[in-house]
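Below are the chains, spelled out letter by letter.
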Amino acid sequence: MEDKLLKTIIIAWLLIMCSMDYFALPTWQSRLLLWGMNGLLFVVWITKNILQRRVFIPLQERGLLSVLYIFLFWACVSIFFSKDPASGVKRMAHLLIALLDSYIFYDFFARSEENVQFFRKIITFLVIFVSCWSTLESFQKLANGEKLFKNIYAGFCNPNFLGHFIFLFFPLILSYYGINSNFQGRYRIWRFLLIILVGYAFILSSARSSWNGFIFALFFLLFRKNKALGVGILFFLIIIGLSTYVLVGGGIYQTTWQKVYEDRPVWNEYWKAVVENPFLGLGWGVNPQNIVHGHSVYLSTAAQLGVFSVFLVLAFYIVLIYSALQTEKKIKNPQLKAILLGSAATFFGHMVYNLTELGGVLIPFSATSMNFFPYILLALPLSIGYLSRQKNIQSEI
């Protein structure tokens, strides 16, 4: 296998990101480990491409690149007028490295369908590994009489990281092994048990923002599978909402939102920052009152880069999803189609997830156990689009 070394590094890096928090390394050691593995991946990738005289595969998504370039330009302008330019330059460097990671995986996936399937297998293993860990941890804490809500970590540093990890890859697993399955009845029991196991672990995470995002990702998958089914579920949810309003009263929604808002006390400071600096914001990577976490991608982005940047973030997601849907119409391989829809569904759900949490792409980036995963996943629909175009070109010759 010509990419055996690169695959080995990818496996090691992904395993490290799924387990490093468990060992509670000092911050500088964990970041050195992640950046070191990142550097090793880059060196091996570029060396193999050069020595084997392989052309670097171009990214052909012009719409996505246009939005990305505008966002980066806007962030650079914001850094120039920032209250802390040094912090902005540091965060920009981190973001560029993360985007380089996306391209490395794009170049790797776009080499062959085998590489895409390799990643699918590794992710399936990691999700099973994390889900089993979560399940065993829940049994242990139940036996000890401990609560489960916000108390299951499965090796990650907090339950939200666990929930975000499962949210990122559960739609892909659902699409490949369930909704868009091409197994034709084979392994039915095992596939059912897999979905039950991952679903149970996802519930154990108590990550409410990830739950919200997953609901919309699931709706996306069901709608693409059968529009009548998707619309029917949407109407069903609306009927449930209206029935709840009639029977219980509107106070339940107000109370629910108040509880969410109470968990996000920093939002008030971010709103003030947005009102005071609506055009360019405080600067990339600069938080109001030195608050570490804004608990909302849109609010944090508006505070740091101005309101216009929020539209750029949304445009990035919309163009990415639109590109995936265009690829879906042309792709013939049912397995690649299932993986494509599963990864696109995650980013569709991210547009809702971003309302109350800080994760995904085009955000201030630091070396933690979770921040690299969205950029790796970003490469998947883009590379499948490239593979689909190459197949169509070959079939026309």
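As shown above, the structure is provided for reference.
Note that the structure is predicted; figures quoted are calculated from it, not measured.

**Quick look at the overall build of the chain**
Helices and strands together make up the secondary structure of the chain, namely 15 helices and zero strands. Relative to a compact globule of 397 residues, whose C-alpha radius of gyration would be 21 Å, the chain shows 21 Å and is just as compact. Evaluated residue by residue, the chain yields a buried proportion of 51% over its 397 residues. With 32 positive and 18 negative side-chain charges, the chain shows a separation of 7 Å between the mean positions of the two kinds.

**Points about the nonpolar core**
Membership of the largest hydrophobic core comes to 123 residues, with the highest contact counts inside it found for Trp13, Leu14, Phe71, Phe165, Phe169, Phe373 and Leu380. Broken down by element, the residue count for this core peaks at 13 residues, all from helix α6 (residues 159–179). Not counting the four nearest positions on each side in its chain, Phe373 is found in contact with Leu14, Met17, Cys18, Phe165, Leu168 and Phe169.

**Points about the packing of helix α1 (residues 4–19) against helix α2 (residues 27–51)**
For the pair α1 and α2, interaxial distance at closest approach is 10 Å and the crossing angle is 165°. By the criterion of interaxial angle, the relationship of α1 to α2 is roughly antiparallel. For the element pair α1 and α2, the recorded crossing hand is left-handed. The residues of α2 that touch α1, namely those facing Leu5, Leu6, Ile9, Ile10, Ala12, Trp13, Ile16 and Met17, are Leu33, Leu34, Met37, Asn38, Leu40, Leu41, Val44 and Trp45. Its residues assigned to classes, the contact of α1 with α2 shows 15 nonpolar, one polar and no charged.

**Remarks on the environment of Ser78**
Take Ser78: it is sitting in helix α3 (residues 62–80). With 202 residues separating them in the primary sequence, Ser78 and Leu280 have C-alpha atoms 5.5 Å apart. Residue contacts for Ser78: discarding those within four places in its chain leaves Leu280, Gly283, Trp284, Gln304 and Leu305.

**Section: the packing of aromatic side chains**
Per the stated rule, a full pass over the model turns up 39 aromatic pairs. The interplanar angle of 80° and the centroid separation of 5.8 Å between the aromatic rings of Trp45 and Tyr103 together place this pair among those described as edge-to-face. With Trp45 in helix α2 and Tyr103 in helix α4 (residues 85–109), the pair connects residues that are 58 residues apart, well separated along the chain. The structure contains a cluster of three or more aromatic residues connected by ring pairs, namely Trp13, Trp35, Phe105, Phe108, Phe109, Phe118, Phe119, Phe365, Phe372 and Tyr375. Geometry around Phe118 places Lys7 over its ring, the cationic atom sitting 5.2 Å from the centre.

**Quick look at the pattern of salt bridges**
If the charged atoms of two oppositely charged side chains come close together, the side chains can form a pair. In total, this model carries seven salt bridges according to the counting rule given. Residue Arg111 pairs with Asp107 through a salt bridge whose shortest N-O separation is 2.9 Å. Overall, Arg111 belongs to the partly exposed group, its relative accessible area being 25%. Judged by its relative accessible area of 0%, Asp107 falls in the buried class. The salt bridge involving Glu137 is made with Lys141; its shortest N-O contact spans 3.1 Å. Of this pair, Glu137 and Lys141 both sit in helix α5 (residues 113–143), four residues apart, roughly one helical turn. Look at Glu137 and you get buried, because its relative accessible area is 11%. Relative accessible area serves as the criterion here: at 12%, Lys141 is assigned to the buried category.

**Thoughts on α3**
If you check α3, its first and last C-alpha atoms are 27 Å apart, about what 19 residues at 1.5 Å a residue would give, namely 27 Å. When we look at burial in α3, the residues that qualify are Leu64, Leu65, Val67, Leu68, Phe71, Leu72, Trp74, Ala75, Ser78 and Ile79.

**Let's talk about the environment of Phe156**
Residue placement: Phe156 occurs in the loop between α5 and α6. A C-alpha to C-alpha distance of 36 Å links Phe156 and Gln184, two positions 28 residues apart in sequence. Each residue touching Phe156, except ones within four places of it in the same chain, is listed here: Met17, Cys18, Asp21, Val130, Phe161, Leu162, Phe165, Ser369 and Met370.

**Some thoughts on unusual backbone geometry**
Backbone geometry follows two general trends: most residues other than glycine have a negative phi, and most peptide bonds adopt the trans configuration. Although it is not a glycine, Arg53 adopts a positive phi angle of roughly 55°. With respect to the helices and strands, Arg53 occurs in the loop between α2 and α3. If you check the backbone angles, Ala154 has positive phi at about 50° while not being a glycine. Position of Ala154 among the secondary structure elements: in the loop between α5 and α6. Ala154 gets classed as buried once you look at its relative accessible area, which sits at 0%.

**Describing the state of the cysteines**
One pass over the structure, following the stated rule, counts zero disulfides. Counting only cysteine sulfurs, Cys157 is the nearest neighbor of Cys18, a cysteine outside any disulfide, at a range of 13 Å. In this structure Cys18 comes out as buried when scored by relative accessible area, which is 1%. Left without a disulfide partner, Cys132 is nearest to the cysteine sulfur of Cys18, which lies 13 Å away. Residue classification places Cys132 among the partly exposed residues on the basis of a relative accessible area of 33%.

**Some remarks on the environment of Val43**
By the element assignment, Val43 lies in helix α2. The partly exposed category is assigned to Val43, whose relative accessible area is 45%. A C-alpha to C-alpha distance of 9.9 Å links Val43 and Leu6, two positions 37 residues apart in sequence.

**With respect to helix α7 (residues 188–204)**
Helical periodicity: at 3.6 residues per turn, an α-helix aligns residues three or four positions apart in one direction. Here α7 is 17 residues long and its end C-alpha atoms lie 24 Å apart, about the 24 Å a rise of 1.5 Å per residue gives. Listing the buried residues of α7 in full gives Arg191, Leu194, Val198, Gly199, Ala201, Phe202 and Leu204. Among the structural elements, α5, α6 and α8 (208–225) are those in contact with the buried residues of α7. Just past α7, the residue Ser206 takes up positive phi, approximately 55°.

Calculation rules
Residues numbered from 1 in each chain as written. Predicted model: local features only at pLDDT ≥ 70, side-chain atom pairs only at ≥ 80, totals over all residues. Heavy atoms only, no water. Helix = DSSP H or I, 4+ residues; strand = E, 2+ residues; numbered from the N terminus. Rg over C-alpha atoms; globule rule 2.2 N^0.38 Å. Buried < 20%, exposed > 50% of the residue type's maximum accessible area, 1.4 Å probe, protein only. Lys, Arg positive; Asp, Glu negative; His and termini not counted. Charge placed at Lys NZ, Arg CZ, Asp CG, Glu CD. Core = buried A, V, L, I, M, F, W, Y, C linked by side-chain atoms within 4.5 Å. Contact = heavy atoms within 4.5 Å. Axes fitted to C-alpha atoms, helices over the stretch in contact; angles between N-to-C directions. Parallel < 35°, antiparallel > 145°, perpendicular 65-115°, else oblique. Left-handed = near helix turned anticlockwise from the far one by under 90°. Nonpolar A, V, L, I, M, F, W, Y, C, P; charged D, E, K, R; others polar. Phe/Tyr/Trp six-rings, centres within 6.5 Å; stacked < 30°, edge-to-face > 60°. Lys NZ or Arg CZ within 6 Å of the ring centre and 35° of its normal. Salt bridge = Lys/Arg side-chain N within 4 Å of Asp/Glu carboxyl O. Expected span 1.5 Å × (residues − 1). Disulfide = S-S within 2.5 Å.

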